[in-house]
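Residue-level listing of the chains:
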Amino acid sequence: MHYHSPTSVEDAVKVLAAQSGDCRILAGGTDLLVRMRSGLAEPDAILDIKRIDGMRSITREEGGFRVGAAVSGTEMAEHAALVAAWPGVVEATGLIGSTQIQGRATMAGNLCNASPAADSVPAMVAAGAVAQVAGPNGVRDIPVAQIPTGPGKTSLGPGEFVTSIFLPARPDRASDAYLRFIPRTEMDIAVVGCGVSITLDASGTCTEARVALGAVAPTVIEVPEAATALVGTPLDDPALSALSAACSAAASPISDKRGTVEFRTHVAGVLARRAAVIAKTRAGAA
Amino acid sequence: MALDSKSELREFKIVGTRPLRPDGIDKVTGKARFGADITAPGMLVGLVLRSPHAHARIVSIDTSRAEAVPGVHAVVTRADFAEPGEDVADILDNCMAGAKALYDGHAVAAIAASSGKIARDALKLIDVVYEVLPHVTDVDAAMKPGAPVLHEGRTDETVPEGLSPNVISRHEFGHGDIEAGLAQADRIVERTFQTEATHQGYIEPHACLAQMGPDGQADLWCCTQGHYMARNVCAEILGLEQGQLRVTASEIGGGFGGKTTVFLEPVALMLARKSGRPVKMVMTRSEVLRATGPTASSSIDVKIGMTKDGRITAGFAELRYQGGAYPGSPVDMGSMSAFAPYDLEHVKTIGWDVVTNRPKQAAYRAPGAPMAAFAVESAIDELARGFGLDPLEVRLKNAAREGTRASYGPTYPAIGLEATLRTAKDHPHWSAPLGENQGRGVACGFWFNFGGDTCVTLNITPDGTVTVSEGNPDIGGSRASMSMMAAEELGIPYEKVRTIVADTGSLGQNEVTDGSRVTFAVGLATIEAARAAIREMCKRAAMVWGIEPEAVEWVDGAAQPAGPNAGEHPPMTLAEIAAIASNTGGPIAGHHEANPEGAGVSFATHMVDTEVDPDTGAVKILRYTVFQDAGKAIHPAYVEGQFQGGAVQGIGWALNEEYIYGEDGVLQNAGFLDYRVPVASDLPMIDTVILEIPNPGHPYGVRGVGETSIVPPLAAVANAVSAASGVRMTSLPISPPKLLAALHER
Amino acid sequence: MSKIHVTTTINGDPTEFLCEADETLLDVLRDRLGLTGSKEGCGTGDCGACSVTVGGRLVCSCLMLGAEAEGQEIGTIEGMAEGESLHPLQKKFIEHAALQCGICTPGLLVAAKSLLEHNPDPTEEETRYWLAGNLCRCTGYDKIIRAVMDAGKDMREAS
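In what follows, the accompanying structure is described. Predicted, not measured: the structure shown is a model, and the values here were computed from it.

What counts, and at which threshold
Residues numbered from 1 in each chain as written. Chains lettered and ligands numbered in written order. Predicted model: local features only at pLDDT ≥ 70, side-chain atom pairs only at ≥ 80, totals over all residues. Heavy atoms only, no water. Helix = DSSP H or I, 4+ residues; strand = E, 2+ residues; numbered from the N terminus. Buried < 20%, exposed > 50% of the residue type's maximum accessible area, 1.4 Å probe, protein only. Polar contact = N/O pair within 3.5 Å; in protein donor to acceptor, adjacent residues only side chain to side chain. Contact = heavy atoms within 4.5 Å. Axes fitted to C-alpha atoms, helices over the stretch in contact; angles between N-to-C directions. Parallel < 35°, antiparallel > 145°, perpendicular 65-115°, else oblique. Pairing = 2+ DSSP bridges. Expected span 1.5 Å × (residues − 1). Salt bridge = Lys/Arg side-chain N within 4 Å of Asp/Glu carboxyl O. Nonpolar A, V, L, I, M, F, W, Y, C, P; charged D, E, K, R; others polar.

### Details of the side chain of N669(B)
For N669(B), the position within the fold is in the loop between α18 (636–655) and β26 (686–691). Look at N669(B) and you get buried, because its relative accessible area is 3%. Polar side-chain contacts of N669(B) include one of 2.7 Å to the backbone oxygen of E658(B). Within the structure, the side chain of N669(B) is placed 3.3 Å from the backbone oxygen of D674(B), a separation counted as a polar contact. Those residues within four positions of N669(B) in sequence are excluded, and the remaining contacts are K257(A), L289(B), E658(B), Y659(B), I660(B), D674(B) and Y675(B).

Listed below in structure tokens is the structure:
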């Protein structure tokens, strides 16, 4: 196996283009090394992106934030402006694994690992995040929701990798929240996850909403019906009940060692309601 | 050896205090050497190839491609081992499969190579042809006629006709007439309970290092609860003389019963024999979960009758435990312990030992008892609550006391159950207010405790310090406890005594560290060894003074003339006697070898508050208090630690830990990600109350404390969940999907 | 395949080693450098027994390649005491009997030290969540949490 640690995106693209075998991208490594250890991944080469310029920085752009692909959850949580704008995305990324994992794990890695239960992905989808991808044909932007195509599968082409995640600017009275259900209080994979992002007007009426669910389908799903249930309402009880029902209806999970169809379907609605209430409070609703 | 008659009046100077442990600094600085930390010059790395099938005939194994790989020095299969004696046949078969692979993860071959990478790659070149067979992993399914059969001809004479050959034995305990007792009841609860297998979950995977010379001398270093056991078993399997195999126990990173047998050790020795090089083997976590001892899973029918004032009129339980691929589930102990806390006129338990296509169960802290207590204590709770009675009062009303004939036969001497119940009732926890969706549960637990073969040698050094050699790996602070008892007896400071765990060449036979036996049995032997040394020191002083040895007594670390000679000579301290030992007859030591009876049973009552999230089925542990009789707590901090650790393992068993098998019989959660042991944020502080009802069988009154603490929590948590949510959970773990489904069904 | 040459700093000592591309930092520490204080309990980042700090961040050394250590400052349990003088956390772990078997202890100490550096006055809940990635099977965590909080108190008073 070979280890590459290029210092520019261009060099990284070249290295990737030159690979004949299986080359994996290493950001935080908290999924890749587990897969290698268990024999599920036996790469011929590893490309470590952490030494590439910009991969470890959070920068302001068009009022939003560009988060480098190697920025860890802990680094995000230490960025006060990012936390103020996108608390749900930050808390979702911060839920990935233990303190030890949070110091390494990244949103981009979580996205490209393409687990339907990835914690940061529902929050990113709800946020309308956009991934920037570099590859042999240059750089392109693609909505985060379009990257995973199934468990462990992505839409990235040969030689492509995610270089950053862009979180857009936030108007006033807008916020987000992410909740997941796990059997313990830490250290588990989400049995269900839900990200909710909302914008309120001055009267507290929801003008915009986006809701996404994790671990209830082969990929993280956005639930437009859930958003519809919120828009135009003050996020009152009937609206929250409609949100809850829409999320349960949109869930099409499987039963496995972590949860049953019935459980995931029900809890998707429970979490959506709870996350919406948190987002509403954060958005400054009275 | 009985309780010292003066013990209750005795003012201990060291026993009951909390000195620092002798292995503390090594363990906080990373210097302590555990199983995987041992190396030898020129050592090879040994790895095991494991069956991917739950049940398969091994048609052939071709190792030639692997053997041809440069860097591979030995490949071992079952064919390398001689036909084993009957007493080790199952152990060997578990370490290296013979005709059949009996569970997912069963070892079928092993390799020793010059690096881990070479060994890993070469492992893939061993060609095993399997004929996959139907499998069974559920205990009730395995008992039925027509179930896939693991072994023919292992059923013993206790089993009636008509059951599957997977049913190995039937056990029955009790007295009285169940039907007559039930007829006196105002209400009868009859329910079936299930518990899933849980793993001991020690953080240190199994590891060993073996070397063997052509002269038949061999050395083995391993993490084990019993290196004497490892020696005896490996010697028999390898055809070595026990005296030629020297086993040294490393520091042990947790065991809880799971390291009371061998897995890698005979294989490592065989690889060392074939390669002529030292061979080190370390399991991965996945191997630990797939191939080492979880506990049994169980299915238990309970029928208990109670009068409306809370008297239990009859108790019946039928227990079915699967203990994995070989006979020997702890169903006998489950059956004996199920009703042990109660004074019952009519009681009967029947236990069935069943084999299935799962790894052979290994002992896990009070083996067999927690599941039985879950069933019985849940049913008692349901009856008590049904009558609107205080569940502690009900237990007090039926509690076993001194003179009670135990459900499993013997009559109890002084025991502490009643004291734990009364203390619990008076504790502020019992009367603390509860909020919405919160509930409180209690349950009792029992464990037998044990003595076993024990040797201790205590040496007086020329400068008047003391070394104690014992043969039991220190799993929770026992070296400190032995030093304390030796210092107490000798009348010298704790710091003057250093206790070590000696290798198998240094002492006679020692039973493994199990059965909560060490503080009791090794402690007893340490006290006796100290007394032997004291007798010798008194003799030396008598010689110097020219008086009879019987006229010398030992007081506060010194010999002094007694009786008519009292005051004639100034006391001679231990150090003074040690300094002249060479001139008064040579070095001074005391030793003691015994298989002590009188371990003294132990009881506990646990109290727990839970909160149930009615929308998700999540259970939160809010508060937990352990009340347990320790007989006499030598080092109270370590006693508390045993109480707390057992309680939390029980909480894990109750809520989230389980072996999950797929339809294919393959373990689905062979890692700490989905085998969910409790993490720090899952828990509150675990409060403890140590009660001291002296054990009549130990000079200081010590009872073992390690195991009882895991017995009550399964039922205590389930009872608290029932109180909080209104649903009675009869199947463990009470995982959120299961509880939510029960809440929705209601 | 050629090995990778890595120059790094471990517990303040300039250190060089050669490793395979797929070798973890934990394997390098244990097998190449003889620093066996970091333990492998799972190899998958689920138990925390291999906890070390890299550039001041707490990580599982089993989930990091040795090659990634290039130019980094690594801290392990072996560097926690200064000579004969134990770190307050090490003293408190012994005093509170916060270890039974001791296999999780190095990882817990490294993690707890990192906690107190980030948050000198943690609540019990903060302590429990920070340490949730460090499994202990012996103690039920009670005495560990007490030891960490007591060490934090002493360190605050001393500073």
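### A word on the environment of D37(B)
Mapped onto the elements of the fold, D37(B) is located in the loop between α1 (24–29) and β1 (44–50). D37(B) gets classed as buried once you look at its relative accessible area, which sits at 5%. Taking the C-alpha atoms as reference points, D37(B) and E251(B), 214 residues apart in sequence, are found 9.5 Å from one another. Sequence-distant contacts of D37(B), defined by excluding residues within four places in its chain, comprise A32(B), K280(B), R30(C), T36(C) and K39(C). Here the side chain of D37(B) touches K39(C) through a polar contact of 2.4 Å, side chain to side chain.

### Observations regarding the packing of helix α11 (residues 261–282) of chain A against helix α20 (residues 736–745) of chain B
Packing of α11(A) against α20(B) brings their axes to within 10 Å, and their N-to-C directions diverge by 80°. The angle between α11(A) and α20(B) falls in the class roughly perpendicular. On α20(B), the residues touching F263(A), H266(A) and V267(A) of α11(A) are P736(B), P737(B), L740(B) and H744(B).

### Let's talk about the sheet that holds strand β23 (residues 588–594) of chain B
All names here are of chain B. Taken in spatial order, the 4 strands line up as β19-β18-β17-β23 in an open sheet, and their pairing is mixed. The open sheet is flanked by β19 (497–501) and β23, the only strands paired with a single partner. Averaged over all pairs of adjacent strands, the angle between strand axes in this sheet comes to 15°, irrespective of strand direction. Here 5 bridges tie strand β17 (residues 454–460) to strand β18 (residues 466–470), and the two strands are oriented antiparallel to one another. Note that in β18 the partner of I460 across the bridge is V466.

### A short note on helix α3 (residues 105–118) of chain C
Given a rise of 1.5 Å per residue, 14 residues ought to cover 20 Å, and the 20 Å separating the end C-alpha atoms of α3(C) matches this to within 8%. Residues of α3(C) that are buried: T105(C), P106(C), G107(C), L108(C), L109(C), V110(C), A111(C), A112(C), S114(C), L115(C) and L116(C).

### Regarding the interface of chain B and chain C
Residue-level contacts link 51 residues of chain B with 43 residues of chain C. Scanning the region where chain B abuts chain C turns up 5 salt bridges. The partner of R137(C) in a salt bridge is E657(B), with the nearest N and O atoms 2.7 Å apart. Summed over the shared surface of chain B and chain C, the number is 21 residue pairs in polar contact (both at pLDDT 80 or more). Of all the secondary structure elements, the ones that give two or more residues to the side of chain B that touches chain C are α1, α18 and β26 of chain B. Residue contributions to the side of chain B that touches chain C peak at 9 residues, all from α18(B). Grouping the amino acids of the side of chain B that touches chain C by side-chain chemistry returns 27 nonpolar, 15 polar and 9 charged.

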